[in-house]
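Analysis of the macromolecular model
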Amino acid sequence: MPFDGSRLRKRGRSLVSVVSPWLVGRRPAASLAVGVLAAVLALAVAAGVGTTIGSDHVADLVVETWTGAELHVEVVAATCLVVAIGAVSAAVTRGLVPTFALVASVPFGVGLARYGIEYTVGHMTVVVSLSEAFADGAGAAIVIGLPLAVVSYLVGVSVRRAADSDGGSSGPGLHTLRT
């Protein structure tokens, strides 16, 4: 049976309200804006990495930091910045999907920056196609972006709940007062 949105409208509900609010967020307009920002950020990262240091160098820095071969402060700082941006997104939208889109856009952009790179396999020269670069970006987004997005989401929602509960502080919470 095909989906019929008119049944939801008759009941005063939308398709977004049927999906769990923690998944897409409680503010669909903010979640959509974060999704658009994520796409722009992914393209900006791809352009920036592709024209400066290259995705292979970024991958080397990340692997060296991850394995403990050499600590690269810029990798740690960038990771903390991405988690902080994702936490702000989670606090505002309260949605895991928009937070994932924003956080995963950075590793996706690094993978996408491989487009057009020539490398040698044996005696052949191969150029990375758009589909290969897209697959590399998607893999990086899932492997690197998903764990960072979950951490960002948990931090952001926890901060939001602490601010909303007004845990003994006299300052205002993150929400506006409605009259």
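Residues numbered from 1 in each chain as written. Predicted model: local features only at pLDDT ≥ 70, side-chain atom pairs only at ≥ 80, totals over all residues. Heavy atoms only, no water.

Named according to an unreviewed UniProt entry, the chain is DUF8071 domain-containing protein originating from Natrinema altunense.

Quick look at helix α8 (residues 130–165)
Gly 145 marks the point of greatest bend in α8, at about 45°, and the proline Pro 147 comes within the next four residues. Those residues of α8 lying buried are Ala 133, Gly 137, Ala 140, Ala 141, Gly 145, Ala 149, Ser 152, Tyr 153, Gly 156, Val 157 and Arg 160. (Bend = angle between axes of the 7 residues up to and from the residue. Helix = DSSP H or I, 4+ residues; strand = E, 2+ residues; numbered from the N terminus. Buried < 20%, exposed > 50% of the residue type's maximum accessible area, 1.4 Å probe, protein only.)

Thoughts on the pairing of strand β2 (residues 124–127)
Where strand β1 (residues 118–121) meets β2, four bridges bridge the pair, whose relative direction is antiparallel. By the bridge assignment for β2, Tyr 119 is matched with Val 126. Here β1 folds back onto β2, and the loop between the two strands holds two residues, one of which, Gly 122, carries a positive phi near 65°. (Pairing = 2+ DSSP bridges.)

Points about the pattern of salt bridges
What the rule picks out here adds up to one salt bridge. Among the ionic pairs, Arg 114 bridges to Asp 136, the shortest N-O distance being 2.0 Å. Highlighted residues: Arg 114 in the loop between α7 (96–112) and β1 and Asp 136 in helix α8, separated in sequence by 22 residues. Classification of Asp 136 by relative accessible area gives partly exposed; the value is 30%. (Salt bridge = Lys/Arg side-chain N within 4 Å of Asp/Glu carboxyl O.)

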